[in-house]
Amino acid sequence: MKMNRRLFLGTTAAAAASLSAPAVLAEGHGKPNVVVIGGGPGGATAARYIAKDSKGEINVTLIEPTRTYFTCFFSNLYIGGFKDIDDLGHTYGTLAPKYGINVVHDWAVGVDRDAKTVSLAGGNTLPYDKLIISPGIDFVDGAVDGWSLASQNAMPHAYKGGSQTELLKAQVAAIPEGGIFAMVAPPNPFRCPPGPYERVSMVAHTLKKTNPTAKIIVADPKANFSKMALFQEGWAKHYNGMVDWIGPDFGGANVSVDPDAMTLTIDGETTKVDACNVIPAMKAGRIAEIAGVTEGNWAPINPADMSSTVDPDIYVLGDSANQGDMPKSGFAANSQAKVCANAVRGALTGSRVFPAKFSNTCWSLIDTNDGVKVGATYEATDEKIAKVDGFISSTGETDEMRKTTYEESEGWYAGIIADMFA
Ligand SMILES: Cc1cc2nc3c(=O)[nH]c(=O)nc-3n(C[C@H](O)[C@H](O)[C@H](O)COP(=O)(O)OP(=O)(O)OC[C@H]3O[C@@H](n4cnc5c(N)ncnc54)[C@H](O)[C@@H]3O)c2cc1C
């Protein structure tokens, strides 16, 4: 096998190197080692299920730099004033005492596939028998003309959880009377296909209450988007005249921004804006690239167990994976993590492995108690994770049905958080 050790250079690694690294001990000699990179719905769920179900037969280490995971899911509801920031933050405190997971707060910066080790920014090296990579997304350099990561404070993406979401909410609150909120929407595929449009709804909800003459401009490179008819119906019903969605036929794909001047240019026409949410094109989290398991922007996987097509001892979950028909969502990552955990346990301990089955639902809130959803079940075929059947909310549904859909989403949120952290 080709030697594949590369260094993770850049600002994140530099910042991470200043963290004090906890001692990493190779406890439980003789037991197989599973290392999981990333403590989101993919990684945390996989670590928890492997540790819980193997009952001490497998050493599980979870590497995650942050001590509090702020969910992107429901972050739009925070922008809309339906949730507090504390509702979105969850810690890893239960995973060590309850399941014996070695939780290491550090960055994984290198993967040596020959030696089967992961190196950490703090200097330690961890051996693995099986490695699970679930680092979420990073952004494609140069995807939006005029924008780079250096501009993320002036024009936040708010597409990773926590401080970016808080910043965007503060910028919405600071829009002057009658001012403009702009969004540059991303091309497919990207995490949470309805996410930008739920965000438009939640910004509109806030502005309608605090700044009703403000306007929202959305520049979109896509002619169609997830739950489009439902969102457009909802915008007309609740926020009539406030949202100007500009698709590719009207220049939505021909966009540049100037973060210093706070301008957005669509098809040569420049507008001064008061807040600008730039959501660039996405790719697999950098560590997947460093491990050498990506092809193009994403990591190809074997759908039956989520193992990498490049290396059978590495599994890639969630947003970083090429997930076939599944959308990139927290629900999807959590569903894939259970398939992967079952397969990894089977491979290491001989426990029974069940056929892969996946499911997903994406809920979105348009206005108070006006929830909509789209979802499907999936199976593993030789080529891809393939859709079996699906459902979607209808336009013109009753208020009662929409309220029930919103309540379902709250139940789902509590459930996935418990599945990751409880
Ligand atoms: C606005 C918005 C709304 C959304 N709403 C929904 C929703 O309603 N429902 C839904 O299902 N999904 C939703 N999503 C999508 C969901 O957040 C993602 O699909 C999901 O978080 C993906 O899980 P993941 O485990 O792949 O990655 P992540 O959740 O991003 O987790 C990756 C983790 O890996 C860590 N990491 C990265 N690199 C390294 C490294 N080198 N070393 C160690 N750790 C590393 C990160 O710190 C992070 O904690 C939404 C997303 C957004 C942006």
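Our structure's up above, just so we're on the same page.
Quick caveat, the model's predicted, so the values are computed rather than measured. (Residues numbered from 1 in each chain as written. Predicted model: local features only at pLDDT ≥ 70, side-chain atom pairs only at ≥ 80, totals over all residues. Heavy atoms only, no water.)

Caption draft 1: Structural context of the site of the ligand. Lining the immediate surroundings of the ligand are 34 residues, of which E64, Y69, R191, D319 and F331 lie closest. Note that an oxygen atom of the ligand is positioned 2.8 Å from one of the side-chain N or O atoms of D319. Taking G330, its main chain carries an N or O atom lying 2.9 Å from an oxygen atom of the ligand. Considering the ligand on its own, with 1000 Å² of exposed area, one finds that the protein chains cover 94% of that surface. Of all the elements in the fold, those that place two or more residues in the shell around the ligand are α2 (41-54), α3 (75-79) and α10 (330-349). In terms of residue count, the dominant contributor to the shell around the ligand is α10 (three residues). Residues of the shell around the ligand, tallied by class, amount to 17 nonpolar, 11 polar and six charged. (Near = heavy atom within 4 Å. Polar contact = N/O pair within 3.5 Å; in protein donor to acceptor, adjacent residues only side chain to side chain. Areas by Shrake-Rupley, 256 points an atom, 1.4 Å probe, with all protein chains shown as cover. Helix = DSSP H or I, 4+ residues; strand = E, 2+ residues; numbered from the N terminus. Nonpolar A, V, L, I, M, F, W, Y, C, P; charged D, E, K, R; others polar.)

Caption draft 2: Focus on the environment of L149. Relative to the helices and strands, L149 is located in the loop between β10 (137-139) and α6 (163-173). In this structure the C-alpha to C-alpha distance between L149 and F139, which are 10 residues apart in sequence, comes to 8.4 Å.

Caption draft 3: How the structure looks around the packing of α10 against helix α11 (residues 399-421). Where α10 contacts α11, the axes come no closer than 11 Å and their chain directions differ by 40°. Regarding the angle of α10 to α11, the classification is oblique. Crossing handedness for the pair α10 and α11: left-handed. Note on element contacts: α11 touches α10 through W412, I416 and D419, opposite G330, F331, N334 and K338. Per-class residue counts for the contact of α10 with α11 are three nonpolar, two polar and two charged. (Axes fitted to C-alpha atoms, helices over the stretch in contact; angles between N-to-C directions. Parallel < 35°, antiparallel > 145°, perpendicular 65-115°, else oblique. Left-handed = near helix turned anticlockwise from the far one by under 90°. Contact = heavy atoms within 4.5 Å.)

Caption draft 4: Local environment of the nonpolar core. Within the largest apolar cluster, 106 residues are counted, with the highest numbers of intra-cluster contacts made by I132 and F181. Setting aside anything within four residues of it in sequence, one finds I132 in contact with V34, V35, V36, I37, A46, I50, Y315, L317, C340 and V344. Counting 17 residues, the second largest nonpolar core, distinct from the first, contains W147, V184, A219 and V255. (Core = buried A, V, L, I, M, F, W, Y, C linked by side-chain atoms within 4.5 Å. Buried < 20%, exposed > 50% of the residue type's maximum accessible area, 1.4 Å probe, protein only.)

Caption draft 5: Representation of unusual backbone geometry. Omega for the peptide link from N188 to P189 comes to -10°, which places this bond in the cis form. You will see that F74, though not glycine, has its phi angle at about 75°, which is positive. Position of F74 relative to the elements: it lies in the loop between β3 (68-70) and α3. You will see that D267, though not glycine, has its phi angle at about 50°, which is positive. Tracing the chain through its elements places D267 in the loop between β15 (263-266) and β16 (269-272).

Any functional reading would require information beyond the geometric quantities listed.
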